[in-house]
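Okay, here's what each chain looks like letter by letter:
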Amino acid sequence: MTQLEQSAAPGAEWWRSAVIYQIYPRSFADASGDGIGDLPGITSRLESLKELGIDAIWLSPFMTSPQKDAGYDVADYRDVDPIFGTLADFDTMLAEAHARGIRVIVDLVPNHSSDQHAWFQAALKAAPGSPERARYVFRDGRGENGELPPNNWESVFGGGMWERITEPDGTPGQWYLHIFDPTQPDFDWTNEEVKEEFRSILRFWLDRGVDGFRVDVAHGMAKEAGLPDYAPVADADSMGGGEENVPYWGQDEVHDIYRDWHQVLAEYDGDRALCGEAWLPTLKKTALWVRPDEMHQTFNFPYLMTPWDAKALGSVIRESLEEFGKVGAPSTWVLSNHDVVRHATRLAFTDDNPQGEGIGPLTPNKPDTAIGLARGRAATTLMLSLPGSSYLYQGEELGLPEAMEIPDEFRQDPTWFRTEGKRYGRDGCRVPLPWEAGAPAFGFNDTGASWLPQPAEWAAYARSTEENDPTSTLALYKQLLRLRREHDLGSGTLVWEDLGADAVAFRRGDIHVAANLGTAPVELPANAKFLVRSQPFTGTALPADTAAWYTAS
Ligand code: NOJ
């Protein structure tokens, strides 16, 4: 065959070196014109992704959902939500992607369902202690009349982690657990029926031909037995990235689930892959998710969270290669996704901004857009030279900044509502993409509707604008992806080089890579011949906030 084959030593599995582009379906392209992106919209724009030069796409959830958390609240795991299209639209999109040599990964949300899922609705109607309730985490409350939640855990989106129900006879009843929004009840993963159901859901999508799954909250499905009280330390990261022993994050029992799923995927041909979304405190622990019989990849969030600092960046790369290498897994690399402030903004932001906090109109010391873009381009230039698999998030190839001025009335992230506006949340990185500068909704659709308003200045970032500009971020991404492929940089080893305390520098075969994270220029060898520069400069002094690939022989 086929365009899908590519070299990816060691082992030749495609996911070891792939560049995977995240599509956030509601904001990618909108064929129906209702202001929300959809599957036919994705199909219509696949050619532009082929031109970009990525290997695979990962689609955030498009399954049936009341959209209380933008699709991460699934009511039917085996169907497409009408706002995104139909199963037939999915099959067409998949076939069209494969025909272009692009693999397709779908999002699987196994920690929780929507409260509108048939199982949860049945649980509400059933009695305490029934098999229907046993699929979720229902408990009696504490206090004299069960009026207090079963423990003190706090939801990632703010507020408590328990919701009390009214029993079918009208009396105040049991409580159920929800790590996220109350509309997202957690499954009980000690329950055999839950396990069997998800094996079947995996097979449903594998049978349709998907190449793998991004597994949502892959560190949260097992809870410590007895659900003990837990007091977060003051600077705890709500997604679990900041501290060691949290009774609902990173429990050992999750690994059995992934060993089981690994076997399910192994029944299929074509190196189908699992990528875990696991926010864990250390890379050492993160690497446990990708032992040879578990997942194939896991997101490298310590890398994503690293500030623009040469020492910190060098050491996270070193440690990633070491820890993932020990278990025989490729490292992954990622700078942006639908949950964090876009890196073309974040890297210029010096204030503390934990995951999910977001940036909005009242945020003090908002980052400088030009510095952010320069750093964003340099960071990507460095990332795409690293061995392993890289994830890109839609719009970063245009250099999109975070939308910082969204008026309150448009906000949809449950974080905003659960914290009564104290945290802006993630809407700022989810604004629909600009495709054509002069068109309605910048070509997101042809009606001008857009579920979040697009900033007027995004005309300058529209694909149509950047396509005609050899210095654009789009041109840079295309060049990086082409060179990465030509030189097989996703595979192989990395040799460190020393260009001083402000630089991260290494060699990939004949290609030298350097990034300047300081404020003064960094001298490169006088005979450096540049393959790519993150922004234009002359001579061999690498300016601040700039990265380059070069040969020097
Ligand atoms: C992680 C997803 O990336 C995020 O968007 C979602 O809100 C939570 N998991 C809950 O599913």
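Because the structure is a prediction, the values reported are computed rather than measured.

**Student:** Explanation requested: the nonpolar core in the structure shown.
**Tutor:** In this structure, Ile57, Trp205, Phe213 and Trp261 are the most contacted members of the largest nonpolar core, which totals 152 residues. Looking at this core element by element, the count peaks at seven residues for helix α5 (residues 192-208). Counting residues in hydrophobic clusters, the runner-up holds ten residues, among them Ala503, Ala514, Val522 and Leu542.

**Student:** Sorry if this is basic, but what is going on with the site of the ligand here?
**Tutor:** Inspection of the region around the ligand gives 13 residues, with Asp69, Asp216, His338, Asp339 and Arg426 positioned closest. In the model, an oxygen atom of the ligand is placed 3.0 Å from a nitrogen or oxygen of the histidine 112 side chain. One of the side-chain nitrogen or oxygen atoms of aspartate 339 is found 2.4 Å away from an oxygen atom of the ligand. Against a free-state accessible area of 290 Å², the protein chains account for coverage of 99% of the ligand. The residue makeup of the shell around the ligand, split by class, is four nonpolar, two polar and seven charged.

**Student:** Mind showing me how you'd approach unusual backbone geometry here?
**Tutor:** Glycine aside, the phi torsion of most residues is negative, and most peptide linkages are trans. Positive phi is not limited to glycine here, since leucine 227 has a value of about 45°. Here leucine 227 lies in the loop between β9 (212-215) and α6 (254-266). One non-glycine residue, asparagine 365, lies in positive phi territory at about 50°. Along the chain, asparagine 365 turns up in the loop between α10 (343-346) and α11 (369-383). You can call asparagine 365 exposed: its relative accessible area is 55%.

**Student:** What should I look at first to understand the domain arrangement of the protein chain in this one?
**Tutor:** Buried accessible area, meaning the area lost when the parts come together, often serves as the stated size of an interface. Split into domains, the protein chain comes out as domain 1 (14-111 + 212-477), domain 2 (118-177) and domain 3 (494-551). Spacing between the C-alpha centres of domain 1 and domain 3 amounts to 28 Å. The partner domain 3 presents 21 residues to the 20 residues of domain 1 that form the contact. Summing both partners gives a buried area of about 1,700 Å² for domain 1 against domain 3, and 72% of it is carried by carbon and sulfur. In this structure, the salt-bridge partner of aspartate 545 is arginine 375, at a minimum N-O distance of 3.0 Å. Our count for the contact surface shared by domain 1 and domain 3 stands at five residue pairs in polar contact (both at pLDDT 80 or more). Of all the secondary structure elements, the ones that give two or more residues to the side of domain 1 that touches domain 3 are α9 (310-326) and α11. For the side of domain 1 that touches domain 3, the element with the most residues is α11, which contributes seven residues. Along the lines of polarity and charge, the residues of the side of domain 1 that touches domain 3 split into 13 nonpolar, three polar and four charged.

Definitions and limits used
Residues numbered from 1 in each chain as written. Predicted model: local features only at pLDDT ≥ 70, side-chain atom pairs only at ≥ 80, totals over all residues. Heavy atoms only, no water. Core = buried A, V, L, I, M, F, W, Y, C linked by side-chain atoms within 4.5 Å. Buried < 20%, exposed > 50% of the residue type's maximum accessible area, 1.4 Å probe, protein only. Helix = DSSP H or I, 4+ residues; strand = E, 2+ residues; numbered from the N terminus. Near = heavy atom within 4 Å. Polar contact = N/O pair within 3.5 Å; in protein donor to acceptor, adjacent residues only side chain to side chain. Areas by Shrake-Rupley, 256 points an atom, 1.4 Å probe, with all protein chains shown as cover. Nonpolar A, V, L, I, M, F, W, Y, C, P; charged D, E, K, R; others polar. Domains from an automatic or database assignment. Contact = heavy atoms within 4.5 Å. Buried area = accessible area lost by both parts, 1.4 Å probe. Salt bridge = Lys/Arg side-chain N within 4 Å of Asp/Glu carboxyl O.

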